[in-house]
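Close look at the chain arrangement
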Amino acid sequence: MIRNNLKLVTRILLNNKLFSVVNILSLSLSMAVGVILFTFVKANHDTDHFHPKLNQLARILTQEVVGGAETKWATAPMPLAPLLESVSFVEETVKVRLSGKHNLQTDGGDVPIDIKFSEPSFFTVFGFKLLSGSAQSLTNTPNALFLTEKTAEKIFGNANPIGQTVRFENLGSYTVEGIIQDPPLETHLPIEAMGSIHAAEMLEKKGAIATISQDWGEFKGAAIYVRVNSEDYLKQLGTTLHHFSRKLDGRTLQFLVQPIEAITPRNNDIKNDHDAGTDWSGVKTQLFLILAVTLLSAFNYISLTLARAFSRAKEVGVRKTIGATRRQIIGQFLVESTLVSLVALMFTLPCIEILAHYIPDMEVAFSYDTPLIVALLAYAVITGVVAGAFPSWLLSAFQPIQILRKMKHIKLFQGVAVYKTLIVVQFSLTITLMILVVLLADYEIKNHAIIRSTIPPNVLTLDLKGEKYDNLQNDINQLSQVETTLATNWYYEAVKKGTCSVTSNDKVLEINYVSIDPKMIETEGIRLRSGQSFPQEMPQNSEQFVLVNEAAAKLLESESETLVGQNLQLDSSYVQVIGVMPNEIIGQTIPLLYRHLPEEITTLTIKIKPNTELEATKAIQAVWSNNFPEKTANLQNVRDGYSSSGERIRFFGFFALIVMIIAGLGILGIASYSVETRTKELGIRKVLGASKINLVWTITGNFGILILIAGLIGVPAGMFAGDLIRQDLGSSLIDLSFINVSLGVGLVALIGLLTVLSQTMRAGQIEPVKVLKIE
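Report follows, based on the coordinates.

Cut-offs and rules
Residues numbered from 1 in each chain as written. Predicted model: local features only at pLDDT ≥ 70, side-chain atom pairs only at ≥ 80, totals over all residues. Heavy atoms only, no water. Pairing = 2+ DSSP bridges. Helix = DSSP H or I, 4+ residues; strand = E, 2+ residues; numbered from the N terminus. Axes fitted to C-alpha atoms, helices over the stretch in contact; angles between N-to-C directions. Parallel < 35°, antiparallel > 145°, perpendicular 65-115°, else oblique. Left-handed = near helix turned anticlockwise from the far one by under 90°. Contact = heavy atoms within 4.5 Å. Nonpolar A, V, L, I, M, F, W, Y, C, P; charged D, E, K, R; others polar. Buried < 20%, exposed > 50% of the residue type's maximum accessible area, 1.4 Å probe, protein only.

Quick look at the pairing of strand 9 (residues 193-196) now. As defined by bridge partners, strand 4 (residues 109-118) adjoins strand 9 across four bridges and the pair is classed as parallel. When the sheet's bridge partners are listed, I115 is paired in strand 9 with A193. Bridging between strand 6 (residues 144-148) and strand 9 involves three bridges; their strand directions are antiparallel. Directly across from L145, in strand 9, lies its bridge partner G195.

Below, the structure written as structure tokens:
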């Protein structure tokens, strides 16, 4: 019977190519989103599953007890490792020193690389594989460095990195001794570069990094792993760790065992575990979204199937007349929907490739193993069964005589309100997303225009990297390509902010501040709202004056005119407010103080002569090398440093497009069904003199009302989401104006109505004689 059903379904699908293509497109788009969510769930589940003897591996946690409060940390003190090595059932231990990102100096500037320090057992305990080099280099060669494939390509391109010498800022020079294969799956222990644990100990002695190797109290910068003889010993290891507890000043350190398999999903109670993947709440959210997408796919399939119900009904009547049972009819439609779903799955992978380009952080590692393939096939089958269940049950219930005589009088489903509700929900979501797209696009255009009009194209910034800048600034000022230099942490937007405690009128507030060059206000021609700028001769040993912006003046509940001249207590010193700056027009608008703190300056802002950027860059780099030969100059054009919301626009825009297409396909089926069921009514209206436009509007008007209702829901939701983005960006440029909101709603309404008109235009072509003759 199944074989016969498959043959019949194949013939039906081939004979209804347009219906099949539309349904496959609808299911493909919906399933693509579902499959992407599946890959996230699968990648999260597969995290660290490439390590050998996984069930014997564990990470040591530190439980810090202070005043009865317990805090768990994903790190452990390094002196604990030798004690673990003495435990009889512990095969091997691994110490990993977490050093964080350090600048690797290249000819093209600094490249931040996350470097960890470990030992040869790292490659025997874990599943990380060396493509070249020997793990023993981590013992025999203190300056040995291993890079992952991706890191090596980022630094050296296609050149052979083995034997190359690289230099890390503050850490010294290292020789690339090996290449680590990029892991096949996600891991809680991502690697970019790895050095020897002995090198870390030497750096500690030089003062280049914190001294933690022999300090029980400094446990947040290292991780310790063990492999036991068998899984059964993990529980015993937990008991053994109780004997290694340490009491320090005002706190107690206790140690716990966590199997590697238990690291993911992430436990939010464990601190310092940034790469442990999604927590259980996130996994449940992804599973819920998969269910929602499945139901969305089913809804569109049902609406498109019911739109063709009349042409399929006679087929059902004939089959029942020649002896087909209701069970056979249901089987036929379920096989048909499942086959369409499986074909849609084949087209889903290209959709995923397109979607992945627009989804931030989409690059996840997972394996197309048997469980995933089975899960995807099961997902397709379930989607097909859910989508085909209602149409198959409905159509199989028809009586042959009823069908063959007056099919038009049969009401396929009374619950059309449910489908109208789903249409409203789909278009409400689409309107919300489209409003966000319009708001962000408008923000980007305005922000770009402000940057271009405010920031000259010939201004560079130089990262001082903690160095004293007086001699450097003097040398740069001597260059023929340079007009002026400013030692400032603010150039229309904060480069580095600090926070200070401000006391004024018995009010104590925490307010951000930036350190600026006293010459900046005059040099840039900034007009103060009130007061004056810093005096030309500023005291070097004490801080006497401060500027505030309008937001800070408002926070201090003072008019700008009355604030000028007042004394404020900044932390423990008193300063006088001598002027009020306008609020920032680039970036976030926040309360801000402008102070002169030469010791906190981190950048030089260099204005060069027009059309001399290449020559000026080379000259400034040469000056830097003369002053600080051990470090690389980080120099960039100020305009290049301003962030763009383009990625956010692409994400919301593409997601809005996907939802729009899915919603359009859903309304397409319902519109077609409406035309079919109201054919007789439309024929009578035409006999009575209704024009083609009136006939079309008779059907289209109902859908216009649905889109209007969707607008009434989507507009407040879009404005609420837009206000959240405005708060997140801290910018008044997010303009929730009538024009922007109307543009977002109008685009969705236009596309929705055009989709409906593609079906309702048939109402104007009805020939009353043929319609009434059939009836």
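From this point, things continue past the structure.
If you walk across this open sheet you meet the four strands as 15-23-14-24, and the pairing is antiparallel. The open sheet is flanked by strand 15 (482-487) and strand 24 (635-637), the only strands paired with a single partner. The average undirected angle you get between the axes of adjacent strands in this sheet is 25°. Where strand 14 (residues 459-463) and strand 24 come together, three bridges link them in antiparallel fashion. If you follow L462 over to strand 24, its bridge partner there is L635.

What follows concerns the packing of helix 22 (residues 692-729) against helix 23 (residues 738-760). Running from N to C, helix 22 and helix 23 point in directions that differ by 155°, and their axes come no closer than 10 Å. With respect to their mutual orientation, helix 22 and helix 23 come out roughly antiparallel. Two packed elements cross with a definite hand, and for helix 22 against helix 23 that hand is right-handed. Along its contact with helix 22, which presents V696, I699, T700, F703, G704, I707, V715 and M719, the element helix 23 presents V741, V745, A749, G752, L753, V756, L757 and T760. Taken together, the residues of the contact of helix 22 with helix 23 break down into twelve nonpolar, four polar and no charged.

Our next topic: unusual backbone geometry. Glycine aside, negative phi is the norm for most residues, and most peptide bonds take the trans geometry. A cis amide bond links T264 to the next residue, P265, at an omega of 0°. Note that P265 resides in the loop between strand 12 (251-259) and strand 13 (270-271). At K53, a position not held by glycine, the phi torsion is positive, near 50°. Summarising the element assignment, K53 is placed in the loop between helix 2 (17-46) and strand 1 (57-66). Overall, K53 belongs to the partly exposed group, its relative accessible area being 44%. The backbone of Y492 sits at a positive phi, close to 65°, despite the residue not being glycine. With respect to the helices, strands and loops of the structure, Y492 is situated in the loop between strand 15 and strand 16 (498-504).

Here the focus is the pairing of strand 20 (residues 567-570). The side-chain alternation of strand 20 yields one buried face, formed by L568 and L570, and one unburied face, formed by N567 and Q569. The pairing of strand 16 with strand 20 spans two bridges and is antiparallel. Counterpart to T503 in the pairing with strand 20 is Q569. Sheet topology note: the strand 20/strand 21 (residues 573-581) ladder contains four bridges and is antiparallel. Across the sheet, Q569 pairs through a bridge with Y574, a residue of strand 21. With antiparallel pairing between neighbouring strands as the criterion, strand 20 and strand 21 make up a hairpin whose turn holds two residues, including D571 at a positive phi of roughly 55°.

Without other data, these values stay purely geometric and don't point to any function.
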